[in-house]
Amino acid sequence: MTINFNQNYFQLFEIKKNFNVDTNILEKNYFELQKKFHPDKYVNATDHEKRLSLQITSYINEAYETLKDDYLKSIYLLKIEGYEFDDQNNTLSDPDFLMNQMELREESENIALKKDKEDIKRFYLKLNNLKKECLKEFEKNYCNNFFDEFEKKIKEMKFFISIENDFKKSDL
């Protein structure tokens, strides 16, 4: 029982390193690896083998969760390209985007107060479209090695995810 912890997540799942991942292949390979290394398979193994199985499945799970989430995958792609991204320092100085943030926050608060189902549906659709646009830009910037622009789009995506999560909480 062995796995190379030095390989990147794309190599682990034997898929092309790309922003767009075929989720069917990712899932198929994930289940194959889980079947091979799952701790339940090693119930009668030595303590060392049990620990190793847990480490391997933990690595597989982390890789899977990263590659199926566009935001996490974006950060990971930058990381394996050698570009460090500080997820904690997530500020943008683009005045247009900052204004857009304030307007979206205000819009979400107004809609949450009114609780109109059609407005709520439209707002979720609007956020989805903004995230899709970000994803298109991610891919374009990544393919062209524009990592500074790629990082900017990651920060924008994080904002859209944040506002969506806040809106979901207020929508309850």
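The following paragraphs examine the structure supplied in this document. (Residues numbered from 1 in each chain as written. Predicted model: local features only at pLDDT ≥ 70, side-chain atom pairs only at ≥ 80, totals over all residues. Heavy atoms only, no water.)

Digging into the layout of surface pockets
Alright, step 1. If you add up the space inside the largest pocket, you get close to 150 Å³.
Alright, step 2. The wall of the largest pocket is formed by Thr2, Ile3, Gln7, Gln11, Leu12, Phe13, Glu14, Asn29, Glu32, Leu33, Lys36 and Phe37.
Alright, step 3. If you list the elements that add at least two residues to the lining of the largest pocket, you get helix 1 (9-12) and helix 2 (23-37).
Alright, step 4. In terms of residue count, the dominant contributor to the lining of the largest pocket is helix 2 (five residues).
Alright, step 5. Here the residues of the lining of the largest pocket are counted per class, giving five nonpolar, four polar and three charged. (1 Å grid on protein atoms, 1.4 Å probe; cavity = no way out; pocket = protein on both sides within 12 Å on 5 of 7 lines; lining within 4 Å. Points joined across faces, edges and corners; volume = space filled by probe spheres on them. Helix = DSSP H or I, 4+ residues; strand = E, 2+ residues; numbered from the N terminus. Nonpolar A, V, L, I, M, F, W, Y, C, P; charged D, E, K, R; others polar.)

Examining the environment of Ile120
Alright, step 1. Tracing the backbone through its elements, the reader meets Ile120 in helix 6 (residues 117-143).
Alright, step 2. By relative accessible area, which is 10% here, Ile120 ends up buried.
Alright, step 3. Considered as a pair, Ile120 and Lys132 are 12 residues apart in the sequence and their alpha carbons are 18 Å apart. (Buried < 20%, exposed > 50% of the residue type's maximum accessible area, 1.4 Å probe, protein only.)

What about helix 5 (residues 95-114)?
Alright, step 1. The terminal C-alpha atoms of helix 5 lie 29 Å apart, and with 20 residues this matches the ideal 28 Å at 1.5 Å per residue to within 8%.
Alright, step 2. Taken residue by residue, helix 5 has Phe97, Leu104, Ser108, Ile111 and Ala112 as its buried positions. In a view along the axis of helix 5, the buried residues occupy a sector of 95°, so they form one face of it. In helix 5, the exposed positions angled more than 90 degrees off the buried face are occupied by Pro95, Met102, Glu106, Glu109, Leu113 and Lys114.
Alright, step 3. Following helix 5 by one or two positions, Lys115 has its phi on the positive side, about 55°. (Expected span 1.5 Å × (residues − 1). Arc of directions from axis to C-beta.)

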